[in-house]
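# Structural overview
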Amino acid sequence: MPVQKVNDSSDLDAKVPSHLQRTSITSLTMTSEPSHRCVKATVVHKGPVISCAQKDGIKMLRAEIKEEDPLQRTAEHTSINVIFFGTLAKDFSQSARQGDVVLLADFTIKKSPSFLRDKLHPCQLEMDGQDACVYVCPSAAPSHGPSSSEAKYTYVPLNDLKPKTVVNVYGVVTFFKQPFPSKGSDYCSTLKITDQSDVKVGCNIFSKKLEDHPVIFRVGDIIRLHRFKTDMFRDSMSLLNTFGWSTVTFDGTIDSPVVPRTSSKSFHFGESDMRTVEELRQWAANQSWISKDLTVSLSLVKPGMYFDLTCQLLAKAVMDSRCILLKVWDGTKCQHPLLKVAVASDALEGESTVAKDRMNLTANVLVYDNHLEVARDLKPGTFLQLYNLHALLQRAPDQQPDQLDHLSFHLHGGTSYGRGLRSLPVESPALQSLKSVLEKHVDLDEFDEVNDGTLLEIWYTPPEAVEADTGPSYTVLTCEHNTRRLTLARVKRSTPPLSCHVRARVKKYKPQQLYQCLKLFCSNCKTMEDVPDDSAVAKLFRESAKDNQACDEQWAATSSASSREPGRTISMHISRDMVGESSHMQLIFVEGTTLDEICVLSRDYKNLVPVRSVNGRMTLMDLTAPFLFSGDKRCYGCKQCSVNTFQNPVFTGVETWDEQAVAKALGVQLMQYRLLIQFELEDQTDTLEAVLWENAEKFFHVSAVDASGSQDLQDKIQTVMDTIQPPDSSLEERPLLDLCLSVYTVKDNDRNKVCYQITNTEIKEE
């Protein structure tokens, strides 16, 4: 058998034949000699077995493995794709799972076609041949045992729940409703779950923030609930979220990636959790109720049906105060003529659907009442899941008596039967089949109607030499969409929204002082600010330290030290619950320091919070100053969104004190570091101003938060800019840039303003 299992990781090394030499993944190149070599790594992703058309339908499987050698933690390309063919693919699918350690021998090395997209190793390993073999050590091997971190949580089977207790549980979703406004100020999520005990338990979750609610896409998803209170409701056990609650959900499809879906920035997920998810997936796949998926394609819809639809939003329009039109498609053709809804062209947001309308591919969905809040925020191009959609026959206004009625779609108000809608992330496994169908229609828009205005534009517009600028580009496009390259003049005449490719040079950029491109951004209120100057921050610290009287809090243990200035004392406070823990696990509140002093202290303590005393009570400093110092990193809070509740702080139940956990404990809305640069681009046809914002970190291969505390990374950004626009150079001397542009509109003084943003583009690295 080409795939063999062993009981312990150490047995893998014993299985290595004497003529084979173990090599690291990072050292593999296209010129490496693969014979007499083997690699040892952990399986982090395993795909399904599929047929390979390029190899006459032979079975194949793609997996991703990652080297766990501590010496390689800081190295690049420690993960690599492995392609298994034939019998090996089938055996590996049955024998290995995520988290297992594998040893691969007698592989071949090929160039990875997905390197630019997945950012893994530039090579891939192929296991295809009589000599190729795999040794698998299951992650649940007894010699490994549970880690100490995994022992923190105990999960109760649903049939063992007792009333009036706080529990952690896992379950499979059998029913759910998208979050809806409750009678109070919260949103409410309702769901039912079950597990291998076959006991079904209801669950209600109340939270003011929509993003805190569980992200459930369909029946069969796996959910983990932490700190939920049990109670009896109508003679049945039910669950309700309590203080410190959290949820994590996973796709329920067997062999799909185990990717946690949660708004929490800090949560625990170990090997035992991985096993639990896999076991629930296997169990649920054999249950009869899991097969009752109500999702159908448009080609199978019949009049009168209530059904779920997975689709893509093409365009939308507000019809009136209680109705929004969504124009969607799933790439299949409905068997009944579809109702066309008349909308003024200036009221429609999104792409033209004329060609798809003619082919009966566009479904016009009318959304009502409580679903409008979600529908208003949807952007054309978004993938959607519509729940409990109603198909009705209607007569069109101009319909002849002998013609068939047209099919219309309505998402009625209310939440009965889980009725609602939500957007799906582009990486969702549920979209794989939809994307493959839509790709067959990629050229459909080219056959859209040509009106007189279009003909006149073609007649009077001189030809533009898109390929006039030849030569190598200093950038690489990372997008997957295959669009034509346009000139800047053509882009400026286009109607947003639009994604396109251009080739241009940088005429100028701002800010010229690149330290000013580092911004602070609040994701809640969308405020953007400059990073405060050190002199302003130092002044705040000096004023706070002057005449400061040490505060006295019952929850804190306090120590003092003399400063360099006579009469000034530095006080350090720590929660009594943290006394005795290592300095990296502590949260220390520092009072009476200058900026220079707290920067020196932050070299030895991971989390320092500057505070001051007001009437003997501890409070945070003005949020112009950082609320947290963590090594070289300074964290700032939003003045508008921070609650700054510091009366009864809670410091228990936190596994790791990172900036998100500290901000939450202090009632501070954490601001994110972002890079913002505005370019003026120029080609042979026109100039255009475009911002580099959401894609800036990928563009420079630099993290904004890391750059905030690293002169080396700031110098790296400056080097890139000096290469794009060398000092004292002419435009012709500057390098060409292949760029992906996003064209969109924003409201500016009640008028629509067209904006351009650079996306899906990266600088070539040497």
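Residues numbered from 1 in each chain as written. Predicted model: local features only at pLDDT ≥ 70, side-chain atom pairs only at ≥ 80, totals over all residues. Heavy atoms only, no water.

For the protein chain, the helix and strand inventory stands at 15 helices and 39 strands. The buried share of the protein chain, reckoned over its 766 residues, is 46%. Taking the intrachain contacts of the protein chain between residues at least 6 apart in sequence as the baseline, contacts between residues at least 24 apart amount to 64%. Accessible surface computed for the protein chain: about 39600 Å², of which carbon and sulfur atoms make up 49%. (Helix = DSSP H or I, 4+ residues; strand = E, 2+ residues; numbered from the N terminus. Buried < 20%, exposed > 50% of the residue type's maximum accessible area, 1.4 Å probe, protein only. Contact = heavy atoms within 4.5 Å. Areas by Shrake-Rupley, 256 points an atom, 1.4 Å probe, with all protein chains shown as cover.)

Glancing now at the packing of aromatic side chains. The final tally for this structure, using the stated rule, is 10 aromatic pairs. With a centroid separation of 6.0 Å and 75 degrees between ring planes, the pair formed by Phe 541 and Phe 629 is classed as edge-to-face. In this pair, Phe 541 sits in helix 10 (residues 534–545) while Phe 629 sits in strand 32 (residues 628–630), placing the two residues 88 residues apart along the sequence. The exposure class of Phe 541 is buried, given its relative accessible area of 1%. Residues Phe 699 and Phe 700 carry aromatic rings whose centres are separated by 5.1 Å and whose planes lie at 80 degrees to one another, so their mutual orientation is edge-to-face. Each of the two residues, Phe 699 as well as Phe 700, counts as buried. Taken together, the ring pairs in this structure connect Phe 679, Phe 699 and Phe 700 into an aromatic cluster. If you follow Lys 356 out to its NZ or CZ, it ends over the ring of Trp 329, 4.9 Å from the centre. The ring of Trp 693 is capped by Arg 674, whose NZ or CZ atom sits 5.0 Å from the centre of that ring. (Phe/Tyr/Trp six-rings, centres within 6.5 Å; stacked < 30°, edge-to-face > 60°. Lys NZ or Arg CZ within 6 Å of the ring centre and 35° of its normal.)

Structurally, Thr 194 is set in strand 12 (residues 187–194). Exposure remark for Thr 194: the relative accessible area of 1% places this residue in the buried category. In this structure the side chain of Thr 194 is engaged in a polar contact, spanning 3.0 Å, whose partner is the backbone oxygen of Val 199. Apart from the residues within four sequence positions on either side, Thr 194 is in contact with Leu 158, Gly 171, Val 172, Thr 174, Val 199, Lys 200, Trp 283 and Trp 289. (Polar contact = N/O pair within 3.5 Å; in protein donor to acceptor, adjacent residues only side chain to side chain.)

Per-residue pLDDT for the protein chain averages 81, and the proportion of residues at 70 or more is 86%. Segment residues 141–151: pLDDT under 50, and 10 contacts once partners within four positions in sequence are set aside and those in other chains are kept. With pLDDT under 50 throughout, residues 445–468 is counted as low confidence; its partners more than four residues away or in other chains account for 23 contacts. (pLDDT = per-residue confidence, 0-100.)

Residues that lie three or four places apart on an α-helix share one face, since the helix turns once every 3.6 residues. Most of helix 12 (residues 659–666) is tucked away: 6 of the 8 residues are buried. Residues of helix 12 that are buried: Glu 659, Ala 661, Val 662, Ala 663, Ala 665 and Leu 666. Check the buried side of helix 12 and you find it contacts strand 29 (588–591), strand 30 (608–614), strand 31 (617–620), strand 32 and strand 33 (633–635). One or two positions beyond helix 12, positive phi appears at Gly 667, with a value near 75 degrees.

The next subject is the sheet that holds strand 34 (residues 672–675). Pairing between the strands of a sheet comes from backbone hydrogen bonds, and it takes one of two forms, parallel or antiparallel. Strand order in this open sheet of 3 strands is 26-25-34, and the pairing throughout is antiparallel. Two strands close off the open sheet at either side, each with one partner strand: strand 26 (528–530) and strand 34. Taken pair by pair, the neighbouring strands of this sheet meet at an average axis angle of 40 degrees, ignoring direction. Here strand 25 (residues 518–521) pairs with strand 26 via 3 bridges, running antiparallel. (Pairing = 2+ DSSP bridges. Axes fitted to C-alpha atoms, helices over the stretch in contact; angles between N-to-C directions.)

Moving on, we come to the sheet that holds strand 12. With mixed pairing, the 5 strands of this closed barrel are ordered in space as 11-12-13-15-14. Between one strand axis and the next, the sheet turns through 50 degrees on average, direction left out of account. In the packing of helix 4 (residues 271–285) onto the sheet, contacts are made with strand 11 (166–181), strand 12, strand 14 (222–233) and strand 15 (236–250), and the angle to strand 11 comes to roughly 65 degrees.

Within the largest apolar cluster, 57 residues are counted, with the highest numbers of intra-cluster contacts made by Val 491, Phe 679, Phe 700, Met 721 and Ile 724. With 5 residues, the top contributor of residues to this core is strand 24 (residues 498–510). Setting aside residues no more than four positions away along its own chain, Ile 724 makes contact with Tyr 474, Val 506, Phe 699, Arg 734, Pro 735, Leu 737 and Ile 763. Leu 158, Val 167, Trp 329 and Leu 434 belong to the second-largest nonpolar core, a separate cluster that totals 28 residues. (Core = buried A, V, L, I, M, F, W, Y, C linked by side-chain atoms within 4.5 Å.)

The next point concerns the pairing of strand 20 (residues 383–394). Where burial is concerned, most of strand 20 is hidden: 9 out of the 12 residues are buried. Summarising the sheet, strand 16 (residues 306–320) and strand 20 pair through 6 bridges and their orientation is antiparallel. What sits directly across from Gln 312, in strand 20, is Phe 383. Relative to strand 22 (residues 420–424), strand 20 runs antiparallel, the two being bridged by 5 bridges. Bridge pairing links Leu 386 to Leu 421 in strand 22. As defined by bridge partners, strand 20 adjoins strand 21 (residues 406–411) across 5 bridges and the pair is classed as antiparallel.

Let us now look at the environment of Leu 540. Positionally, Leu 540 belongs in helix 10. Sequence separation of Leu 540 and Met 621 is 81 residues, and the distance between their C-alpha atoms is 8.2 Å. For Leu 540, the contacting residues outside a window of four places in its chain are Met 621, Asp 622, Thr 624 and Ala 625.

A separate point is the pairing of strand 24. By the bridge criterion, 7 bridges tie strand 24 to strand 37 (residues 737–748) in an arrangement that is antiparallel. The residue of strand 37 that forms the bridge with Ala 504 is Leu 737. Examined bridge by bridge, strand 24 and strand 35 (residues 677–682) share 5 bridges and lie antiparallel to one another. Considered in strand 35, the bridge of Lys 508 is made with Glu 680.

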